[in-house]
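Architecture at a glance
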Amino acid sequence: MEAPPSFPSAPRSARLDPVLDVLRKTYLFTFLRGWAVWFSYRAQVFLTILGWVIPVFFYFVLAGYLTNPTSGTAFAGSPESYVAFFVVGLAFQGFVTSLYGTLAQRIRSEQMMGTLEHLLLSPTSPGAVLAYSMVFGLMLNVLAMGVILGIGVGFLGVHLAVSWAALIVSGVLLVTSNLGMAILASSFILWTKQGNPIAVFLTLYTELFGGVFFPVSFLPRSVAWISYLVPLNFGLSAVRASLLSGVGLGGVATDLIWMTVYTAITIPLGLAFFRWTLRRVRVDGTLATY
Amino acid sequence: MPVAIEISDLTKTFPSAWTLPWQPRRPSTTALDHVTLEVREGEIYGLIGPNGAGKTTLLKVLSTLLLPTSGMARVLGHDVVREERAARSSIALVTNSERSFYYRLDGWQNLRYFAGLYGLGRRELERRARPFLRSLGLERVMHRDYRTYSTGMQRKLAFVRAFVLETPVLLLDEPTSSLDPASALEIRRTISEVCRERHQTVLLSANNLLDVERLADRVGMMSSGHLIPITEGGGAGPEFGMARWLFDDPPERVEALLGSWLRRQGRPDVARWEIQGRAEGTRVRLWTSDPEVHLPLILAEVLRGGLHPQRLDLRGVDLEEEFLRNLPAAQDVSPEAT
């Protein structure tokens, strides 16, 4: 056997420049663990892209009925405005549903593959593992957003008038205001292994009350108040204004403030629950069970 | 020599599983029961024991994947509960499961991913990994998907992942399980050469007693959560032994002289002894870390006491015999009790 490299008494694992370390780990989690594994399931890739495209045309057909002058809705006689409404809703709601679903799913698949123990055994902190794990899902949603907006603009006549600063801030806050709940959902799967009531509930609740497919003003007054508890509602309101009407930061300030409040409350809550769950599974000895 | 792994009074009890009110309550399970152990830097400590005895639990507590119920464990001075991140940085773990890599990634991608979590870049990884990949015969399959690997290749890759990290402490759980004899030999040779050369501390759990016989400096047996020292002392290699003596004297007399003298001495280098009356005389069995040094001292005492030794037979510890002997009464581990 060829002589292996000699071993010093202290660990020699690289103490890298922190920025380089973050970039390297982002690459490893996103392109190696995320993209390379995802892309190796060709049928899944095909069905995912189909899942981005089909709803756009489905709601386009539905728009014909909803915007009929006799329908009595806010969009009656104005099909263009409804098409723009749902195209933006579809393009951005994926960030939220994927945060709720994929992060939890990721924890679950690491449990199933037996790699979770090795992830948590490394000096990379559990919180950082969680953060890096989100990047690929978000990247995929940027791609989905591009495809959906492209179809909207290219084929369905959606006209964009973008206020970039307001759009970027709204987009970032749309993600961060839902992040805490996503961490909560993934902590739940770490604990319960199968079945994630939080993710299922949040996804349904968000789609119904988040103003994705129809404005919350369409809801009966007795339940419309619930929509104000859904941060996506504020996120989509701000994104639509900044993307379709060129409204600047001042015009969407109220939505931004609400999303900031959600961010400030739910992220510490989610992280605290994640820490508690991680401790719990290490006491119970169920970290690697599935 | 400084201590690398320090375990004191460590207990791990798995709480009872949650049940509905009408279901019978499941009892909690104590996997580690007041375990105390010190492993010195550069030492290879072998853990044997039946399935479910607590070997893997001990490795998982040390690697911070499990929280102990009470007691203390330190790796290179870092408490595994209070300073878990520092402790983790010093450890590489090889589990006995093949499910520890991504099946859709190839060998290199898997290595790059896991080594990257430790801050290891691609070039440095390749430099460290190549000698191992070559000697373990993995070099030609590194661009193949992990899912196409045989069990032996999967186990070997897990070793390479642990070796390239160059951590001062290695925890090995069943290193040669499900390997053919040639691969097992190769793994044992690699562990022996690399860890000795690097002065790496190894805690090795094995059902394959050959692994422990060939590699360990000292051996302990886990049984029902207790750690029973099989060989104590230590040195540069596995040089513990057992002495069998036959005396003409009755067992009570041998016990009164030799047994009480050993007890009084409280010799840490004599792990334990047994005195049995047999047809051919009284048989004394002594387990000691360095028979050549300790037996002359004991012999002098035997002769001074007027005992009549007939025959002395010296041999290495038979781990299989030890394993079976310790199975029924694991709790009874003190020299006085034996």
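What you are looking at is a predicted structure, and each value in this text was computed from that prediction instead of being measured. (Residues numbered from 1 in each chain as written. Chains lettered and ligands numbered in written order. Predicted model: local features only at pLDDT ≥ 70, side-chain atom pairs only at ≥ 80, totals over all residues. Heavy atoms only, no water.)

**Overview of the overall build of chain A**
Rules: Strands here are runs of E lasting at least two residues and helices are runs of H or I lasting at least four, both read from the DSSP assignment and numbered beginning at the N terminus. The rule is simple: take the accessible area with a 1.4 Å probe, protein chains only, and divide by the maximum for that residue type; under 20% is buried, over 50% is exposed, in between is partly exposed. Residues are treated as being in contact if the distance between any of their heavy atoms lies within 4.5 Å. For accessible areas, the Shrake-Rupley method is used with a probe of radius 1.4 Å. Any residue's cover is judged against the shown protein chains and nothing else.
If you tally the helices and strands in chain A, you get ten helices and zero strands. Secondary structure elements of chain A occur, N-terminal to C-terminal, as α-α-α-α-α-α-α-α-α-α. Scored against the burial criterion, the 290 residues of chain A give a buried share of 51%. Expressed as a percentage of contacts within chain A between residues at least 6 apart in sequence, the contacts between residues at least 24 apart total 78%. Surface exposure of chain A reaches about 13,000 Å², of which carbon and sulfur atoms provide 72%.

**Looking at a nonpolar patch on the surface**
To be explicit about the condition: Two joining distances apply to patches: 9 Å for like charges and 5 Å for nonpolar side chains (Val, Leu, Ile, Met, Phe, Trp, Tyr), and every residue must have over 30% relative accessible area and no salt bridge. Criterion for a salt bridge: a side-chain nitrogen of Lys or Arg within 4 Å of a carboxyl oxygen of Asp or Glu.
On the surface, Phe46, Leu47, Leu50, Ile54, Phe58 and Leu62 of chain A cluster together to form a nonpolar patch covering roughly 580 Å² of accessible area. Tracing the backbone through its elements, the reader meets Phe46 of chain A in helix α2 (residues 42-66).

**Some words on the packing of helix α5 (residues 151-164) of chain B against helix α6 (residues 181-198) of chain B**
Residue and element names in this part refer to chain B. Here is the rule we go by: For helices, the fitted axis covers only the stretch in contact; all axes are lines through C-alpha atoms, and the angles between them, taken along N-to-C directions, range from 0 to 180 degrees. Here roughly perpendicular refers to angles of 65 to 115 degrees, roughly parallel to angles under 35, roughly antiparallel to angles over 145, and oblique to all remaining angles. Charged means Asp, Glu, Lys or Arg here, nonpolar means Ala, Val, Leu, Ile, Met, Phe, Trp, Tyr, Cys or Pro, and polar covers whatever is left, Gly included.
For the pair α5 and α6, the least separation of the axes is 12 Å and the interaxial angle reads 5 degrees. Relative to α6, α5 is oriented roughly parallel. Taking contact as the criterion, the partners of Lys156, Phe159 and Phe163 in α5 are, on α6, Ser183, Ile187, Thr190, Ile191, Val194, Cys195 and Arg198. Residues of the contact of α5 with α6, tallied by class, amount to six nonpolar, two polar and two charged.

**Description of the layout of surface pockets**
Short version of the rule: Points on a 1 Å grid over protein atoms alone make up a cavity when a 1.4 Å probe fits among them but cannot get out, and a pocket when they form an open set with protein on both sides within 12 Å along at least five of seven lines; lining residues each have an atom within 4 Å of a point. Grid points are joined across faces, edges and corners, and a volume is the space filled by probe spheres set on the points.
Estimates place the volume of the largest pocket at around 630 Å³. What lines the largest pocket is a set of 25 residues, among which Trp38, Gln44, Thr102, Gln105 and Phe136 of chain A lie closest to the centre. Elements supplying a minimum of two residues to the lining of the largest pocket: α1 (18-40), α2, α3 (79-113) and α5 (126-155) of chain A. Across the lining of the largest pocket, the residue classes break down as twelve nonpolar, ten polar and three charged. The calculated volume of the second largest pocket comes to roughly 350 Å³. Taken together, 20 residues form the lining of the second largest pocket, with Phe14, Thr56, Thr57, Lys60 and Leu66 of chain B sitting closest to its centre. It is helix α1 (residues 55-62) of chain B that contributes the most residues to the lining of the second largest pocket, four residues altogether. When its residues are assigned to classes, the lining of the second largest pocket shows seven nonpolar, nine polar and four charged.

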